[in-house]
Structures are given as structure tokens and as C-alpha cells.
Protein chains: 2
Amino acid sequence: MKTSTVAELLSKDITLQDIEIKGWVRTFRANRFIALNDGSTLHNIQCVVDFENTDEAILKRINTGAAVHIKGELVESQGKGQRVEIQVNTIDILGDSDADEYPIQPKKHSFEFLRENAHLRTRTNTFSAVMRLRSSLSFAVHKYFNDNGFYYMHTPIITGSDAEGAGEMFKVSALDSKNPPLKEDGNVDYTKDFFGKETNLTVSGQLEAETYAMSLGKVYTFGPTFRAENSNTSRHLAEFWMIEPEVAFMDLAGNMDLAEDFMKSVLSYVLEHNQDDLKFLEQRLLDEEKTKPQVERSEMSLIEKLKFVVDNNFKRVSYTEAIDILKNCKPNKKKKFNFIIEEWGADLQSEHERFLVEKHFKCPVILFDYPANIKAFYMRLNEDGKTVRAMDILFPGIGEMVGGSQREERLDVLKEKMKTLDIDEKELWWYLDLRKYGTAVHSGFGLGFERLVMFATGMGNIRDVIPYPRTPQNAEF
Amino acid sequence: MKTSTVAELLSKDITLQDIEIKGWVRTFRANRFIALNDGSTLHNIQCVVDFENTDEAILKRINTGAAVHIKGELVESQGKGQRVEIQVNTIDILGDSDADEYPIQPKKHSFEFLRENAHLRTRTNTFSAVMRLRSSLSFAVHKYFNDNGFYYMHTPIITGSDAEGAGEMFKVSALDSKNPPLKEDGNVDYTKDFFGKETNLTVSGQLEAETYAMSLGKVYTFGPTFRAENSNTSRHLAEFWMIEPEVAFMDLAGNMDLAEDFMKSVLSYVLEHNQDDLKFLEQRLLDEEKTKPQVERSEMSLIEKLKFVVDNNFKRVSYTEAIDILKNCKPNKKKKFNFIIEEWGADLQSEHERFLVEKHFKCPVILFDYPANIKAFYMRLNEDGKTVRAMDILFPGIGEMVGGSQREERLDVLKEKMKTLDIDEKELWWYLDLRKYGTAVHSGFGLGFERLVMFATGMGNIRDVIPYPRTPQNAEF
């Protein structure tokens, strides 16, 4: 007899004899009704125990969290709330769960408590829904790129290059940290380390992805990246997953089209495939927002927000236009911003981005053509000599979701820029080679996957959308 | 006018006016025929230049490696070797390639030379085919699990736990490596480090995957893992990608079924979707093997080998049976093995595995029920008290492809085992919790993705199936 899953049985509308199911007890009430979950769906299946003919000792062990093996019949439910239920013939306790000790009792737990029990938190509806959505979004990412002729590329995690400049890096070493070998000048002698040089955890796979784009045409990465920055916020992780497509012969306009189409496609995918989980998370968000002042509540529900992104064009606005809007907006004039926008060239802060997206345009916004001196060395200089073909995509409630650019394809301009910024050409000889041999316009972007999961699930803290978050002072599990 | 890809145009069998294409020159012969490649397929498209009406200065710049933009017409080819070709109307040189300097000349390069130029090696047929296959296999992995109700889980890369015991680990730190803070006893004070404790790069996501299997039912990981072992062989990397499914309520027999079905499915996928690349790699392997003595050549071609795996059952053999076979085999009796098999309990070496797979059974073999003391602490002890429900899947030419087990689900037995091996219970409190609350039979396995890519591509060195290999003394790019 094949063991069925809850998802399979709930999709039936016929009576079935001799079914078998294994799962965990969510609740057991009236000595009769087990709500059984096996992770295959958000929903539990009701299993009705014939308590008069069941051993008392067994009944006492049907606790929340216990693993059980049930044999019985799938029948039309007599009660409300479910179409079908299982009439239990036999129940075996596979693994007990002490009712006094089990941390995940059937009541509301704080997210902070659940973070401390992250190994058990997917036994709650909220976290099982979040992690199923995360999985579904991951698949949607791979499917989108595969369907569109991109090749998936695994860029290196350990890197000998620290020239990417995207942030503080973690060091990777196999040396004895207490007594590392030293050079004559007193510095650590990394020639004695595993790789024969100083190595770090990557902050981005972009530069390596460019090498593959310039031969395979369209590639993407989807892997872990790292920042050793002491940012203890609800939006930052020390270890997070990043998606980075890179395309040869594509300019900045094409890059915007790609990013917008990509975002719409993956969100459509979960709207289609994850309705149950989304409906649950939508209700959770509504409940959470009821505790907040009216002004902080969303105008749209979770599913409405996702549909809004799928159905509407992203607003494309140049940095220069954005500065004009910000200079003349009320919060700037009334000095409500922490950083007052006074002139062109200012770096936009989160408060400005939020104003543009949430108050002014009320939709996802693509800002482009930023001042060169606030952006990375590899971005394509415009003909005006002062802006670069950069783009940031800003999302309501999340802020920056995507950062991308057309890359500087001209060897002389790139070398000049690296010289100005004191980036060693020898470190990036291979990156420069791409501009020496068959260079061409190319572009790409990076998208922090956890930000996308936050948007799609309505979760407010990035620690709650990744299985085991890594943050300052925390590498538990 | 939309730019076409080579793959699109080669699939047409009609004449097309006003087509446009961008790519890189592979060869230019007779001042007339460009073989153009853009990575979308192994194949080049022939572009015929009207040299009498093309600027001499342009013709001189059509070198191997140059990026060009061609406008013209797709016509039936007059020559042999292709059905269609492009009659060039205009050609623009987007990026030059100096014929004297460009490393990737149209001739045979050694793999060693190409490893030193790994940023350019996908501009060769061999490496573009390998990396397209790698990408396709990755997608097949995700598709298989998605189609079969598994959730993809991103297990942490930085880990505070060193109890997994799968190998030497790299240390991760943000401390000043020259002058780390020290405790009174002279050891490094990791409470001052980023995570407040000593952290390493993960060797496996299994233990964390178990936590999710015990709530979501069926999960898998597919991410980078690390070994700081000084193994300078053609089969080891310091950084490699691992696939680790983990399933609740599944025993060792189910684990074998899953692994076999999975391998067959992903290999079928590439047989169906990557015929061109496989045919090319098959021919490459044949050419390579011609240089070897007859005895070292494969009996089957690459595609035959893949089909053989897809079409035949894996042979399931207990460790005890395998020892019997080995004890009595010719190479053991004639002392041809480096390690002579004398009695039950011996750890099998690569030479023994190869004998079983390549000489004795001549098919993939699943060895199971190994002696407990040569396997990891988390494997399910059999009722005999001396063997564990472990399995290794051995492949011809590759050796161990998969290692897995049913996990020890009994709290008391697991704790006893950890005590014997001096593994701190406090380190793995969360892992033990899984046995306290709703424990159940569960199983999983790990598969080194690069081994799979080697098997599917016929490449002999693991450094040639990952974009930027990390090995002792090498973290270039």
C-alpha cells in the first residue's frame, strides 16, 4: 500500500479504502479529531479516531508534534471546514512529543521565539508557507532563465580578488589563526595558506558572469554572497542569495526590459502555483497590520500588491528627473527628510527612494543614469561624461530590489576609471581581457533573492525568509 | 529589427530578409567565410562576406575572437556542411581581437593552458559544450525535485557547527588576522568575531536539511560545499556543488529508489535536450582515447554510457556480499590491489570500487549496509548492531557518485553514538530535538554535482567541469 500525502488526499473527491498516511499531529481535540500535517500543503487533513476502540495509552500519546502512521479510509466529511476526512482504522505513534516540553504549541508564538527555534519553525503555518514560497520562487527563477535561453553558471564563492568593491568581506583561511606564519615585515604570509594567497567570500559573481556572457551570450548566477558589515537591521543579512543575469550585446534599455519581465514572470508563477500559501500569508499580514496605526497599513493586500506589479509597467525615471521631484517635494521643503536634497549629485537615501515609490509614483520605479561618482567602477560612462548607465529598481515597502548597469566595454575608459579609483590592473587582468578581445556592449543586474521573498510573502524581517539567517553575533544551527 | 541568435537562424529552413546577428568570429577564411558563434548553440553560422564590396580596413579586422554585428539575409547555403548561411550586407566590428595576442587561436589548446585562461575557455567548442551541459543538468535537477514534490532549501554556507565531521574545514573570520584578539589562555577570542563564535565553511547541508524534512516532508539542497583538504587530484575540489535530498518517512530502500530514479531522470533530460553538445563531447572523448592504449579505452561511447545508465537497473549489493566477491577475486588473490582485502570490516578503496563496478558488475552499483565504524555518526544502526543503513552509489570511471543513508532516528542510540565519538551534544542540541519531538524514519543522500557533470560530459578532470576551480594553491579569477 503506497503512502499518500495530505496534498494528494485533499485533492480527491471520492471515497478511498485502505489509504495510508504519515505526518505530524498539529492538534488533537475531543479525544477524536487529529489535524494532521505532512508539509505537502499548508492544509491539515482531519483524521477521526474511533476513541472507544482505541487503546487509552495510544490516545494519550497523540500530542501536538508527534509523528504518526495512520491507516484508514478517505470519506466525505461530516463536519464543517473540510470536504474529506480520514476515518482512522489503526494509528501507530512513530515518534512521541512531550506535551510539556514541545516548544511549538498550538498557539501564537513571537517571530523572535521562532528564530531561536529555527529548526522547528517550519512546523508552523507561517514558516511552512514562507519556505514553500521561497522554494517556488527559486524554481520560477530557474525556469524563467531556462525558458529564455540563459545558462546557469556557478561563480566561485571563495575569491582571491577583493576588487569588486561591493562591501566588506569575510576572510577565508586554513592557517592556524592563533599563530599564523608571518613574513619578514610582520604581516601574515598568505603564500603559506591553502590557496597560496589571501582569499575572501565573494560579494558578487558579476565579474565572473561577464566572462561567460562574453562567450555564451546569456548567463545567470544564483548563489550565496556575503557582506561582513555590522548591519543589524531587518533588511540585511551577512549571507544571502543573489541572482545575477548578464547578457552580451544588451544595453541599459534591454536590461530594464529584462529585469521587469523577469520580476513579473516569477511573481506570476507563484500567483499561479502557490495560492493557498499566499492566501494564508495575506491574512497573516492583514492581522499584523490591524495592530498598527492606520497610516502604516498597506493600501493593498498581499495578493493585490503582487498582481499590481504583474499588471502594471514599472515607471522609468532618470536620476536627474528624480532629483527635480525630490528637491521640490513637500518633505524636502519642510525639512522632514533626514538628508535634505539640495543639488544634483546627492546620493539617494532610503527615505528618498521610499518617497518616490510609495508616495509619488505608487508603483515600482526604475531609476537610471546616476552620477558616475556614486556608482561602481565597471558601469558604462554616458556621453555626458558625468553619468553612468546604472539602474536601480525600487519596490514599495522594500526599497532597492535590483541594482544593475550596462558595463563599461571600452578598455581605455575602464582602465582610466580603475586608475582613478586605485584598483590594481593586475588583480583584474582577466576582466580587462574581455575588453581587449572582442569587446561589446553588455549589461546585467543583481537581485537580492531574500528581498524578493519578502515582497512575495509580506514578511517584514529578512531573518524570517531564509532558513538559518546569518547576522552579527548569530550563526546558530 | 530584432537581433536573432545563431540557434534561431540555424533552425530555420526558409529564406529571411533583413536579419541581424551579433557574435564572435571563430574563423575567417578566404577573405570571405566567417564562422560566427554567439554561445546559443555549439554550432557556428556561416556568414558570407562580399569582399569585393567591403572596405579593406574592415576585412583586416575580421579576426578570430572579434565581436561583430552583421546585417544581411538568411539564404540556402551553396556550400557543404550547412543548410543555411548569411549573405552579409553590412558588417560592423564591435570589438577587435588582435590576431597576434588573442590566446584562443583556432587550433588545439591543452586543457592546462585553457585552465590558465579560464575566463576565455568557454570560447572553445569543448568548454562551451561542457558548460551548457552543466547548466542543463542543473535545471534537470531542479525540475526533477520540483516535479516530485520536493522543496528547495538554501542551507547555510557559514556554519558555527564543526560536528558534521565530513572533512577539514575552512575558517571564516572578520578578525584582524595579524593581531587577532586573544583570551587570557592565549587562544583567539572568537567572541569578538563577527558572529561571536568560531565559524567555518559548510561541508554539508544535510543536518539542516533534516530539520526541514521533519516538517516539510521532502526537501533538497543544491549549493556550494567546501573541503580544506590538500588533495591535488583530478577528482577533488576545495569548493564544489552538492545536491542533498532528505525525505521524512523514507527508509534505505526508498532512498536507493530515489537516487536511482533521480540519476536516470537527469541523464535522460540531457540526452533529450543536449544532443549537439553530447555528440561533440562524444567525438572529443573518442579522439582523446585514440591516444591511449587499447586497455584504457572505454567499451562504450559517451552517449552509449548515458543510455546504459538510463536503461539498466543499478545493481544492489550489500557490503558483506561485496567483501566476499573482493576476497575471492583474482587481483586480491594475486595481490594486485594496493590494499589487500582480508576480512569483513575493511574500508573499501577506490581500486576495490572500480573493480566491482568496472570489472565485476559492469554497471552502476549500490553498496549498502556498511560496517558502522567506518561510517558517520548519524547513520541508522541495523538490528545486527554492527552495520548501518548506509549506501554508496559507484559509477564506472567516476567511483563514488552518491553517498547516503537512513538516519538514526532513535534519540538514545544517537546520543550513545555521539558520546562514543566525543561529539558534543550541546553543539547539536537542535539536531537532537528532531529525535525528541515527533521523530520518524528518514533518509537522504549527497551527490557531488561535478562528478555528475564529469560523467555526463566525459571530461576526465574535475577542474574542467566547473567555471573557476578552487584547488590547493589556486583561487585565480
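Criteria and thresholds
- Throughout, residues of each chain are indexed from 1 in the direction in which the sequence is written.
- Written order determines the labels here, with chains lettered from A and ligands numbered from 1.
- Local features are withheld for residues below a pLDDT of 70 in this predicted model, meaning they are given only at 70 or higher, and side-chain atom pairs are given and counted only at 80 or more; totals for whole chains, interfaces and linings count all residues.
- As a rule here, side-chain values come from all non-hydrogen atoms in the structure, and water together with hydrogens is ignored.
- In this description a helix means any DSSP run of H or I spanning at least four residues, a strand means any run of E spanning at least two, and both kinds are numbered starting from the N terminus.
- Relative accessibility under 20% of the residue-type maximum defines a buried residue, over 50% an exposed one, and the middle range a partly exposed one, all with a 1.4 Å probe and only protein chains included.
- Throughout, a residue-residue contact means that at least one pair of heavy atoms, one from each residue, lies within 4.5 Å.
- All tallies of charge rest on Lys and Arg as positive and Asp and Glu as negative; His and the ends of each chain are not included.
- Think of each charge as sitting on NZ of Lys, CZ of Arg, CG of Asp or CD of Glu.
- Under the pairing criterion, centres of Phe, Tyr and Trp rings, with the six-membered ring standing for Trp, must be within 6.5 Å; the plane angle then separates stacked pairs below 30 degrees from edge-to-face pairs above 60, leaving the rest tilted.
- We call a charge positioned over a ring when the NZ of a Lys or the CZ of an Arg lies within 6 Å of the ring centre and within 35 degrees of the ring normal.
- The disulfide criterion used throughout: a pair of cysteine sulfur atoms within 2.5 Å.
- To obtain an axis, a line is fitted to C-alpha atoms, over the contacting stretch when the element is a helix, and the angle between two such axes runs from 0 to 180 degrees between their N-to-C directions.
- Between 65 and 115 degrees an angle is taken as roughly perpendicular, under 35 as roughly parallel, over 145 as roughly antiparallel, and anywhere else as oblique.
- Crossing handedness follows the turn of the near helix against the far one: under a right angle anticlockwise gives a left-handed crossing, and clockwise gives a right-handed one.
- Each residue receives one of three labels: charged for Asp, Glu, Lys and Arg, nonpolar for Ala, Val, Leu, Ile, Met, Phe, Trp, Tyr, Cys and Pro, and polar for the others, Gly being one of them.
- Strands are labelled as partners when DSSP assigns at least two bridges between them.
- Cavity and pocket criteria rest on a 1 Å grid covering protein atoms alone: a 1.4 Å probe that fits but cannot get out defines a cavity, protein on both sides within 12 Å along at least 5 of 7 lines defines an open pocket, and an atom within 4 Å of a point defines a lining residue.
- Grid points are joined across faces, edges and corners, and a volume is the space filled by probe spheres set on the points.
- The term buried area refers to how much accessible surface (probe radius 1.4 Å) is lost by two components on association, counted for both of them together.
- The working definition used for a salt bridge is a side-chain nitrogen of Lys or Arg within 4 Å of a carboxyl oxygen of Asp or Glu.
- Only residues with pLDDT of at least 70 in both copies count here: their C-alpha atoms drive the least-squares fit that superposes the copies.
- By this rule, a helix spans an expected 1.5 Å times one less than how many residues it contains.
- Segment limits for the domains were obtained from an automatic or database-derived domain assignment.
- Here a polar contact is taken to be a pair of N or O atoms separated by no more than 3.5 Å, where protein atoms must pair a possible hydrogen donor with a possible acceptor and residues adjacent in sequence count only if both atoms sit in side chains.

Colleague: Mind showing me how you'd approach the overall build of chain A here?
Modeller: What chain A contains, in helices and strands, is 14 helices and 16 strands. For chain A, the spread of C-alpha atoms along the principal axes amounts to about 85 × 60 × 45 Å. Looking at chain A as a whole, 58% of its 477 residues are labelled buried. Long-range contacts, defined as pairs at least 24 residues apart, comprise 67% of the intrachain contacts of chain A with a sequence gap of at least 6. In chain A, 61 side chains carry a positive charge and 75 a negative one; their mean positions are 4 Å apart.

Colleague: What am I meant to see in the packing of aromatic side chains here?
Modeller: In this description, a pair of aromatic rings is defined by centroid distance and the angle of the planes. As enumerated under the stated definition, the model contains 57 aromatic pairs over all chains in all. Taking the centre distance of 6.0 Å and the plane angle of 25° together, the rings of Phe139(A) and Phe139(B) count as stacked. One end of the pair, Phe139(A), is in helix α4 (residues 125-147); the other, Phe139(B), is in helix α4 (residues 125-147), on a second chain. The two residues Phe139(A) and Phe139(B) agree in class, both being buried. Each ring, one from Phe145(A) and one from Tyr220(A), has its centre 4.3 Å from the other, and the planes form 25°; the classification is stacked. A residue pair is termed long-range when its members are at least 10 positions apart, and Phe145(A) in helix α4 and Tyr220(A) in strand β10 (residues 218-226) qualify at 75 residues. A relative accessible area of 0% places Phe145(A) in the buried class. Here the aromatic cluster, defined as three or more aromatic residues joined through ring pairs, consists of Tyr212(A), Phe377(A), Tyr378(A), Trp429(A), Trp430(A), Tyr431(A), Tyr468(B) and Phe477(B). Lying over the aromatic face of Trp344(A), Lys386(A) brings its terminal NZ or CZ to 4.3 Å of the ring centre.

Colleague: Any chance you could explain the state of the cysteines here in plain terms?
Modeller: A covalent bond between the sulfur atoms of two cysteines is what we call a disulfide. Residues and elements named next belong to chain B. Counted under the stated rule, the structure contains zero disulfides over all chains. Cysteine cysteine 329 is unpaired, with the sulfur of cysteine 363 as its nearest cysteine sulfur at 17 Å. When its relative accessible area of 6% is taken as the criterion, cysteine 329 is described as buried.

Colleague: Before we go on, may I ask you to explain the packing of helix α6 (residues 252-273) of chain A against helix α14 (residues 449-457) of chain A in this structure?
Modeller: Residue and element names in this part refer to chain A. Two elements in contact, α6 and α14, have axes separated by 11 Å at closest approach and are oriented at 50°. Classified by the interaxial angle, the pair formed by α6 and α14 is oblique. Relative to α14, the crossing made by α6 is right-handed. Every residue of α14 that contacts α6 at Met263, Val266 and Leu267 is listed here: Leu452, Phe455 and Ala456. Its residues assigned to classes, the contact of α6 with α14 comprises six nonpolar, no polar and no charged.

Colleague: What exactly am I supposed to notice about the sheet that holds strand β13 (residues 365-371) of chain A here?
Modeller: Residue and element names in this part refer to chain A. Pairing is mixed across the open sheet formed by eight strands, whose spatial order is β6-β10-β11-β16-β15-β14-β13-β12. In this open sheet, the two edge strands, each paired with only one partner strand, are β6 (151-152) and β12 (315-318). With nine bridges connecting them, β10 and strand β11 (residues 239-248) associate as antiparallel partners. Bridging across to β11, proline 224 finds its partner in tryptophan 241. Sheet strands touched by helix α5 (residues 206-216): β6, β10, β11 and β16 (442-448). Its angle to β11, the strand with the most contacts, is close to 30°.

Colleague: Would you take a moment to explain empty space enclosed by the protein for this structure?
Modeller: Under the counting rule described, the total for this entry stands at seven cavities of 30 Å³ or more. As a volume, the largest cavity reaches approximately 220 Å³. Around the largest cavity, the lining comprises 18 residues; the ones closest to its centre are Ser173(A), Ser177(A), Lys171(B), Ser173(B) and Ser177(B). Looking at the lining of the largest cavity, the elements with two or more residues in it are β8 (171-173) of chain A together with β9 (171-173) of chain B. Looking at the lining of the largest cavity residue by residue, the class counts come to 10 nonpolar, four polar and four charged.

Colleague: What's the story with the interface of chain A and chain B in this structure? I'm lost.
Modeller: Where the parts come together, the accessible area they lose is often given as the size of the interface. If you look at the interface, chain A gives 110 residues, while chain B gives 111 residues. In total, chain A and chain B occlude about 8700 Å² of area from one another, counting both sides; carbon and sulfur atoms represent 61% of this. Three residues stand out in chain A for area buried against chain B, namely His154(A), Phe194(A) and Tyr437(A), and they jointly supply 9% of the buried area on that side. Our enumeration of links across chain A and chain B arrives at zero salt bridges. Pairing of β8(A) with β9(B) involves three bridges; the strand directions are antiparallel. The residue of β9(B) that forms the bridge with Val172(A) is Val172(B).

Colleague: Help me understand the relation of the copies chain A and chain B in this model?
Modeller: The pair of chain copies shares a relation made of a rotation about an axis and a shift along it. Between the two copies, chain A and chain B, the superposition gives an RMSD of 0.0 Å; the rotation angle is 180° and the shift along the axis is 0.0 Å. The superposition operator between the copies reduces to a two-fold rotation axis. Looking at the rotation axis and the C-alpha trace of chain A, the residue lying nearest is Val172(A), at 2.4 Å. The fraction of interface residues of chain A whose copies in chain B are also interface residues reaches 100%, indicating that both copies meet through the same surface.

Colleague: What exactly am I supposed to notice about helix α11 (residues 350-361) of chain A here?
Modeller: An α-helix turns once per 3.6 residues; consequently, residues spaced three or four apart project the same way. All names here are of chain A. A rise of 1.5 Å per residue sets the reference length of α11, with its 12 residues, at 16 Å; its end C-alpha atoms lie 15 Å apart and thus fit the reference within 8%. Taken as a whole, α11 has its buried residues at His352, Glu353, Phe355, Leu356, Val357 and Phe361. Where α11 is buried, its residues touch β12, α9 (319-327), α10 (330-333), β13, β14 (387-395) and β15 (399-406).

Colleague: Is there a simple way to explain the domain arrangement of chain A in this structure?
Modeller: Residue and element names in this part refer to chain A. Under the domain assignment used here, chain A contains domain 1 (6-102) and domain 2 (123-168 + 203-464). Each of domain 1 and domain 2 was reduced to a C-alpha centroid, and the two centroids are 45 Å apart. Across the interface of domain 1 and domain 2, roughly 670 Å² is buried in total on both sides, 40% from carbon and sulfur atoms. At the boundary of domain 1 and domain 2, one finds zero salt bridges. Scanning the region where domain 1 abuts domain 2 turns up five residue pairs in polar contact (both at pLDDT 80 or more). Split by residue class, the side of domain 1 that touches domain 2 holds two nonpolar, four polar and one charged.

Colleague: Help me out: how do you make sense of the side chain of His442(A) in this one?
Modeller: Residue and element names in this part refer to chain A. The topology assignment puts histidine 442 in strand β16. Within the structure, the side chain of histidine 442 is placed 2.7 Å from the side chain of glutamate 210, a separation counted as a polar contact. At 2.9 Å, the side chain of histidine 442 and the backbone oxygen of alanine 440 are in polar contact. Excluding its chain neighbours within four sequence positions, the residues that come into contact with histidine 442 are Glu210, Met214, Glu246, Val247, Ala248, Phe249, Met250, Gln406, Arg407 and Arg435.

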